2 protein chains.
Amino acid sequence: MYSKEKRKVSPSVIRRLPKYRRCLLELKNSGVQRISSRELSRITGLTASQIRQDLNNFGGFGQQGYGYNVEELFEEVGGILGLDKEYTVVMVGFGNLGQAVSNYLQNKEGFELSGIFDVNPSLIGSALCGLKVRDASELEEYLRGNEVDIGIIATDKGSAQSVADVLSAAGVKGIWNFAPLDLVVPENVMLENVHLSDSLYTLAYYISEHEK
Amino acid sequence: MYSKEKRKVSPSVIRRLPKYRRCLLELKNSGVQRISSRELSRITGLTASQIRQDLNNFGGFGQQGYGYNVEELFEEVGGILGLDKEYTVVMVGFGNLGQAVSNYLQNKEGFELSGIFDVNPSLIGSALCGLKVRDASELEEYLRGNEVDIGIIATDKGSAQSVADVLSAAGVKGIWNFAPLDLVVPENVMLENVHLSDSLYTLAYYISEHEK
DNA sequence: ACAAGTTTGATAAAAAGTTTAACAAGTTAC
DNA sequence: GTAACTTGTTAAACTTTTTATCAAACTTGT
């Protein structure tokens with residue numbers, strides 16, 4: 001087994017990977033078997049050169065004179081993104097957003113929701129998404145007994161950091177944070193934020209900027 | 001009225017503005033009246049130089065020897081983001097995510113949800129978020145009779161582009177898209193995406209990258 | 001009113017990141 | 001076998017982003 005140099009791949013490239021994958025899935029579903037960077041360029045709006053260079057960060061998946069095999073490349077990109085693995089997930093905070101995201105996860109392969117936690121007594125005990133909602137105070141104990149890869153935080157702002165601390169201490173590998181603040185986590189815990197307010201405000205900025 | 005040069009401000013700066021605002025709000029709520037870029041640096045983790053330069057893209061809000069007035073700067077940043085205006089919003093797609101986002105908007109000042117649309121017969125007619133859910137086929141007509149600034153798309157992938165077309169044709173200023181695809185919109189319509197899958201996959205990437 | 005200390009706004013320099021261009025070498029297809 | 005095609009790779013160009021610096025302006029305390 002040869003170990004490839006661990007050069008860091010730029011964030012811009014990483015953020016384009018899901019788009020490539022989405023695009024390849026559509027091609028695959030349409031029965032297309034091969035695709036050239038030129039064609040992909042036409043479809044995605046990116047330059048062919050950029051597409052080739054992006055993919056080459058991870059290896060040479062194409063063949064001169066032929067292009068890329070759609071199905072193979074789709075799998076490769078999935079592998080790069082870590083989607084060939086199975087992740088165990090807990091949801092902390094089961095308000096509207098937590099419920100929506102939990103539901104969303106039900107249809108996602110590779111991400112298995114194993115526990116749901118909330119502080120609201122009227123939610124605790126109810127069975128939703130096929131799981132019983134547990135009291136948030138049981139989170140720490142639950143994590144001791146169950147290996148969890150990803151913790152999702154959909155609590156309010158006030159509780160989020162302490163939840164993040166508990167999750168981090170328990171050894172989760174990543175946190176998907178929906179609470180509107182900047183969490184502090186150990187550097188071995190990967191943090192990905194979905195800041196709805198920031199996104200909406202950015203939109204408001206561009207709207208009002210555009211009107212000038 | 002003097003018109004400032006319309007130099008384009010970099011995206012990185014724009015994406016930091018909501019963070020500044022969040023931070024300033026906390027300071028304001030804590031009763032802090034003045035703040036220097038040095039202090040802000042300590043709190044946010046950004047460099048003082050960068051903070052000053054970010055703010056100076058929009059004007060000189062500080063005063064030498066003093067720093068910034070917290071409340072004033074908070075308002076200024078809000079103004080830059082366009083949060084001093086009122087936006088009329090419609091939600092298209094009222095599944096789990098649409099409901100969660102609608103609920104989220106209820107507590108947001110400046111964004112008034114005026115219409116909710118879905119195709120699901122079991123939802124249509126029901127009153128949620130204080131509004132009656134309308135049949136999605138009425139969207140076009142509704143937009144003719146009501147001025148709407150922002151359209152939120154929380155439909156499935158298949159319907160999203162046609163909804164975007166209807167919204168764009170009706171003259172909305174911005175689209176907040178939650179559907180997992182890249183919409184094509186006229187350049188006078190601002191588009192902001194919240195791609196949950198992309199975000200989750202990015203997290204998966206960094207988790208599996210980190211394990212190597 | 002003054003001097004010492006503070007802090008901004010602005011400019012310039014440096015660094016980092018990203019995109020594009022170009023082409024040799026390998027493949028395909030006829 | 002040859003013409004057309006397309007990748008992987010390198011290098012260059014470009015853009016963006018960050019950091020450093022300092023004169024000018026203000027505050028504060030005496």
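Relevant structure appears above.
Structural notes, computed from the coordinates.

Rules used throughout
Residues numbered from 1 in each chain as written. Chains lettered and ligands numbered in written order. Predicted model: local features only at pLDDT ≥ 70, side-chain atom pairs only at ≥ 80, totals over all residues. Near = placed C-beta within 6 Å. Helix = DSSP H or I, 4+ residues; strand = E, 2+ residues; numbered from the N terminus. Nonpolar A, V, L, I, M, F, W, Y, C, P; charged D, E, K, R; others polar. Contact = placed C-beta atoms within 7 Å. Buried ≥ 20, exposed ≤ 12 C-beta atoms within 10 Å, placed from the backbone. Pairing = 2+ DSSP bridges.

## As for the protein's contact with DNA strand D
Among the 29 residues in the neighbourhood of DNA strand D, the closest are listed as Gly60(A), Gly62(A), Ser10(B), Gln64(B) and Gly65(B). At the level of secondary structure, the elements contributing two or more residues to the surface near DNA strand D comprise helix H2 (37-44), helix H3 (48-56), strand S2 (62-63) and strand S3 (67-69) of chain A together with helix H1 (11-29) and helix H3 (48-56) of chain B. Top contributing element to the surface near DNA strand D by residue count: H3(A), with 6 residues. A per-class count over the surface near DNA strand D returns 7 nonpolar, 20 polar and 2 charged.

## Description of the interface of chain A and chain B
Taken together, the contacts link 41 residues of chain A with 41 residues of chain B. Within the residue set of the side of chain A that touches chain B, elements represented by two or more residues are helix H1 (11-29), helix H5 (96-106), strand S9 (174-177), strand S10 (190-193) and helix H8 (196-210) of chain A. Of all the elements, H8(A) adds the most residues to the side of chain A that touches chain B, at 14 residues. Split by residue class, the side of chain A that touches chain B holds 20 nonpolar, 11 polar and 10 charged.

## So, the pairing of S10(A)
All names here are of chain A. Here S10 shows a buried face lined by Met190 and Glu192 and an unburied face lined by Leu191 and Asn193. In terms of strand pairing, S9 meets S10 through 4 bridges, oriented parallel. Across the sheet, residue glycine 174 finds its bridge partner in S10, namely methionine 190.

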